[in-house]
Amino acid sequence: MSLANALRSGSKDVVGKVADHLSPAVAKFAPVIADRAEGSYVWTTDGQKHLDMSGGIGVTSTGHCHPRVVKAIQEQAAKFIHAQQNVFTASVPQVALLDKLRDICPEQLTRFFFCNSGSEAVENAIKIARGHTKKQNIIAFENGFHGRTMGAMALTTSKTYYRANFGPLMPGVFIAPYPYCLHCKARQASPSGNDWYTVEPCMPGFRMNYNDRQCCNGPLEAVKWMLTQQSAPSETAAMIIEPILGEGGFLTPPPSYLRGLRELCTQHNILLIIDEVQSGVGRTGKWWGHEHMDGVDADIMTFAKGIGSGFPMAGVATREDTFDGIAAGQLGGTYGGSVLGAAAACATLDVIREEGLLENANERGAQLVKGLMQLQQQFPIIDVRGRGLMVAIEFGGTDGSLSAKYGTAAAITKAAVKRNMLLLSAGARETIRFLPALNVKAEEIDQALNILADCLEEVFGSEAQPATAVA
């Protein structure tokens, strides 16, 4: 029997049969087969309806199958499917997308290169930086995730298994410390350390103002010494960093950190690459995650994920002169800048702007955080962090420590699947992340919080107790 016939017949072991023909190297969070989706919900072939708090890992920004995005793709598919970027200067949807990007991107970023995925955007950002500066070294940061392709993988340190057994990796990469303030030993040792960082995120409406957050500045000092001891400025093409870490656990840096990196880059003629693949396109309640931080201007910015509402589309935005030194033909790609992707991106950006999704991301994000803070009073949640609808919780031990038992986050995501909610973990520590659609409704956030409470009760049971402190 074919796999399709087994699926139609309702065979009980069809998921296993399908999995037998897929690469086991691709992790699967839910043992189901997707059938259709709408808004914040996904239906699987077993007839179950799932609340989607994963958003395709931050991709379905306007929800699943938003009518305006679907219509744009359908209409474009009837006109032109593949206008290859080397053959034509541009396509009509690409021209429209350029106008929309120029309207929402930081004003210094005026040139664009289009591709298909976040990894591909990062690969090309590195090529652009090296080609423009004629320098080879790249500084990336601990807990960062930039992709699984060879170059992007060399920059990724959120978990070892993304890189394990694939060496030798791309040379010329240096990994700098990133401020994980919750676990900072200097903060923990300071008598005022609990005032530096709180369980509540530095979001409007909560206790700590972002610009009041303090840092020991050890990680920034380490970057300065790296330029003296490991990668000389004359050999360093760029630093690449996510303004809010994605797969690394949704860490938000103290305000002094990215400003300090910008100052170092300016001082030493190093390009600053801001990776907005997961945090961009309205995810944080602003168009770009780094807009929450004053004095941080990108020389190069990557984007992907949410820009196409699920249709593959990605790109690199640069300053006017950043492509100087790179010859025609050195960048490209068969499917880059696709007309269908550009049409989906145009519709996505229109929906975000015209349907108030930035405002909704802030409102629903605050609602989600308040609900998580209430759960923190009952369960060992030691951190609630993020911006907008890019929110995560980290768990501590049931003994009051800052280290949860290994597998805690995985157990919670499995408990969520049993209750028909799609939820993902993040980072090397025991962390759960929320990436719902930017148009998620208030009642859907409440539903997610109620399901999460049941999951936490299942996982922690009689051992459930609130976190005692962040120090």
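Look above for the structure.
Predicted model only: the values in this text are computed from it and were never measured.

J.: Would you mind showing me how to read the sheet that holds strand β14 (residues 424-425) here?
T.: Adjacent strands of a sheet form backbone hydrogen bonds with each other and so pair up, either parallel or antiparallel. An order of β11-β12-β15-β14 is seen for the four strands of this open sheet, with the pairing classed as antiparallel. Either end of the sheet is taken by a strand with one partner, and the two such strands are β11 (381-387) and β14. One ladder, built from two bridges, connects β14 with strand β15 (residues 431-434); its direction is antiparallel. Each residue of the ladder has a partner; that of L424, found in β15, is R433. Seen against the sheet, helix α14 (residues 408-418) touches β12 (390-395), β14 and β15 and runs at an angle of roughly 45° to β15.

J.: How should the layout of surface pockets be read in this particular structure?
T.: The gaps left among the atoms become clear once a water-sized probe is rolled over them. Volume-wise, the second largest pocket comes out at about 610 Å³. The wall of the second largest pocket is formed by 23 residues, among which Q85, F112, F113, F323 and L331 lie closest to the centre. For the lining of the second largest pocket, the secondary structure elements donating two or more residues are α5 (92-104) and β4 (111-115). Sort the elements by how many residues they give to the lining of the second largest pocket and β4 lands first, with four residues. A class-by-class count of the residues in the lining of the second largest pocket yields twelve nonpolar, ten polar and one charged.

J.: Would you mind going over the side chain of T284 with me for this structure?
T.: Along the polypeptide, T284 turns up in the loop between β8 (271-275) and β9 (300-303). Apart from the residues within four sequence positions on either side, T284 is in contact with I244, S279, G289, H292, N362, R387, G388 and M390.

J.: Explain the pairing of β12 here, please?
T.: Sheet faces and side chains relate simply in a regular strand, where the side chains alternate between the two faces. By the criterion of burial, β12 is predominantly enclosed, with six of the six residues buried. Across the two faces of β12 the burial is the same, with M390, A392 and E394 and V391, I393 and F395 all buried. Taken together, the six bridges between β11 and β12 define a ladder with antiparallel strand orientation. Bridged to R385 within β12 is A392. Turn length for the β11-β12 hairpin, with the two strands adjacent in sequence and antiparallel, is two residues, and the turn residue G388 shows positive phi of about 55°. Of the pairings in the sheet, the one linking β12 to β15 comprises four bridges and is antiparallel in character. Across the sheet, residue I393 finds its bridge partner in β15, namely I432.

Calculation rules
- Residues numbered from 1 in each chain as written.
- Predicted model: local features only at pLDDT ≥ 70, side-chain atom pairs only at ≥ 80, totals over all residues.
- Heavy atoms only, no water.
- Pairing = 2+ DSSP bridges.
- Helix = DSSP H or I, 4+ residues; strand = E, 2+ residues; numbered from the N terminus.
- Contact = heavy atoms within 4.5 Å.
- Axes fitted to C-alpha atoms, helices over the stretch in contact; angles between N-to-C directions.
- 1 Å grid on protein atoms, 1.4 Å probe; cavity = no way out; pocket = protein on both sides within 12 Å on 5 of 7 lines; lining within 4 Å.
- Points joined across faces, edges and corners; volume = space filled by probe spheres on them.
- Nonpolar A, V, L, I, M, F, W, Y, C, P; charged D, E, K, R; others polar.
- Buried < 20%, exposed > 50% of the residue type's maximum accessible area, 1.4 Å probe, protein only.

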